Amino acid sequence: MGEKNTEYEASLKSIETENYVDRIFYRPIGFRIACLLRNTGITPNMVTIISIFVGVSVGFLFYQNNLLLNIAGIALLICANILDCVDGQLARLTGIKSEIGRILDGVAGDLWFLSIYVGFALRLSEMYGTYWFFLPAVISGFSHLVQANITDYYKTLHLFFISKEKGKEFQTLEQIKANYAEMKPGVSKVFYYLYIWYTLLQVKATPALQQLLRQLHEKYGDNIPEDLRLRLRKANKELMKYVDLMTFNGRTIVMFLIVLTGKVWVYFIYEIVILNIVLGVVLKKSEKKFAPFLD
């Protein structure tokens, strides 16, 4: 039993970055499926692509003003997120990892929600006889991209603060640009170019944090003292209760309740107003918490 628990924890990026719903539901199911798949030849990227098709189909089901179809959409989105857990856990169990896989994994969730926002806009346009609902859909989509970007950043940053090994995925903008320059032309390079812009937004949104990271690199390289790591993790952990509101679980719990009521326009308000306020709070608190670490 102990060996199984050790293997389960090894399939996670870090237990510290998993929120409650992931720990008790999504990750345990994902681990069991990953264990079944690891000797089949099915790769993590294959699972990611399947999750994209499953998740994108939810938009069509949420477009329907039908409770049973909406419930089916909720079930499919849950399945898509389980598959999203499987790809990462399978990658860690098998050692099959790639930068493109990580980027594709991030894109998957964005495509799910893009289809959902389009579905909501079409549904509301038919109900109220106006296509103006595509405006809040576009604003919601853009807001979602920014929120997901910053959420991913703080979670990956926490891994960097845990240890050099756990923080391998955390890269500076300069490192990403250097990797891009060495890549051969092709689809992978196109994805990586988009990843540069993805990272640039994270850098621009967190100036004090970027200054701290530069100082840490200049002073310690990759060997940050353990006592300092613990202090940095504590500071970042205090942000997680706000960051978690912008994760898949944070937004879908609210989305599912709204879909079940049939008042899907309310979700646009939640996305555009509430979650953007949460984003602002996270960025403000982050800069305040990390500023004392600066020389």
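Data block above holds the structure.
Residues numbered from 1 in each chain as written. Predicted model: local features only at pLDDT ≥ 70, side-chain atom pairs only at ≥ 80, totals over all residues. Heavy atoms only, no water.

Right, let's get into the overall build of the protein. From N to C terminus, the protein includes 12 helices and zero strands. Helices and strands in the protein line up, N terminus first, as α-α-α-α-α-α-α-α-α-α-α-α. Relative to the 2.2 N^0.38 estimate, which gives 19 Å for 295 residues, the radius of gyration of the protein is 20 Å and therefore close to what a compact globule would have. By its C-alpha atoms, the protein is 60 × 45 × 45 Å across when sized along the principal axes. Each of the 295 residues in the protein was classed as buried or not, and the buried ones make up 47%. For the protein, contacts bridging at least 24 residues in sequence account for 78% of all contacts bridging at least 6. Surface exposure of the protein reaches about 15100 Å², of which carbon and sulfur atoms provide 66%. Across the protein, the mean location of the 32 positive side-chain charges is 3 Å away from that of the 26 negative side-chain charges. (Helix = DSSP H or I, 4+ residues; strand = E, 2+ residues; numbered from the N terminus. Rg over C-alpha atoms; globule rule 2.2 N^0.38 Å. Buried < 20%, exposed > 50% of the residue type's maximum accessible area, 1.4 Å probe, protein only. Contact = heavy atoms within 4.5 Å. Areas by Shrake-Rupley, 256 points an atom, 1.4 Å probe, with all protein chains shown as cover. Lys, Arg positive; Asp, Glu negative; His and termini not counted. Charge placed at Lys NZ, Arg CZ, Asp CG, Glu CD.)

Time to look at the packing of aromatic side chains. Throughout the structure, instances matching the rule amount to 24 aromatic pairs. Seen from their ring centres, F25 and Y26 are 4.8 Å apart, and the 75° between their planes marks the pair as edge-to-face. On the basis of relative accessibility, which here comes to 4%, the residue Y26 falls in the buried class. On the numbers, 5.7 Å between centres and 40° between planes, the contact of Y153 with F170 is tilted. (Phe/Tyr/Trp six-rings, centres within 6.5 Å; stacked < 30°, edge-to-face > 60°.)

At a closest axis distance of 10 Å, the pairing of helix α6 (residues 134-162) and helix α8 (residues 187-205) adopts a crossing angle of 75°. When the axis of α6 is compared with that of α8, the two are roughly perpendicular. Facing α6, whose interface residues are V146, A148, N149, I150, D152 and Y153, α8 presents Y198, L201, Q202 and A205. Looking at the contact of α6 with α8 residue by residue, the class counts come to seven nonpolar, two polar and one charged. (Axes fitted to C-alpha atoms, helices over the stretch in contact; angles between N-to-C directions. Parallel < 35°, antiparallel > 145°, perpendicular 65-115°, else oblique. Nonpolar A, V, L, I, M, F, W, Y, C, P; charged D, E, K, R; others polar.)

Another point: helix α2 (residues 20-37). The terminal C-alpha atoms of α2 lie 25 Å apart, and with 18 residues this matches the ideal 26 Å at 1.5 Å per residue to within 8%. The largest bend along α2 reaches roughly 40° and is located at Y26, with the proline P28 sitting one to four residues downstream. Along α2, the residues that are buried comprise D22, Y26, R27, P28, G30, F31, A34, C35 and L37. (Expected span 1.5 Å × (residues − 1). Bend = angle between axes of the 7 residues up to and from the residue.)

Among the surface-exposed residues, M127, Y128, W265, I269, V273, I274 and I277 lie close enough to one another that they form a single nonpolar patch of about 650 Å² accessible area. For the nonpolar patch, the elements supplying multiple residues, two or more each, are α5 (99-128) and α12 (265-290). Within the fold, I274 resides in helix α12. (Patch = residues over 30% accessible without salt bridge, like charges linked within 9 Å, V, L, I, M, F, W, Y side chains within 5 Å. Salt bridge = Lys/Arg side-chain N within 4 Å of Asp/Glu carboxyl O.)

We now examine the environment of A91. If you trace the backbone, A91 turns up in helix α4 (residues 67-94). Apart from residues lying up to four places away in sequence, A91 is in contact with P44, I96 and K97.

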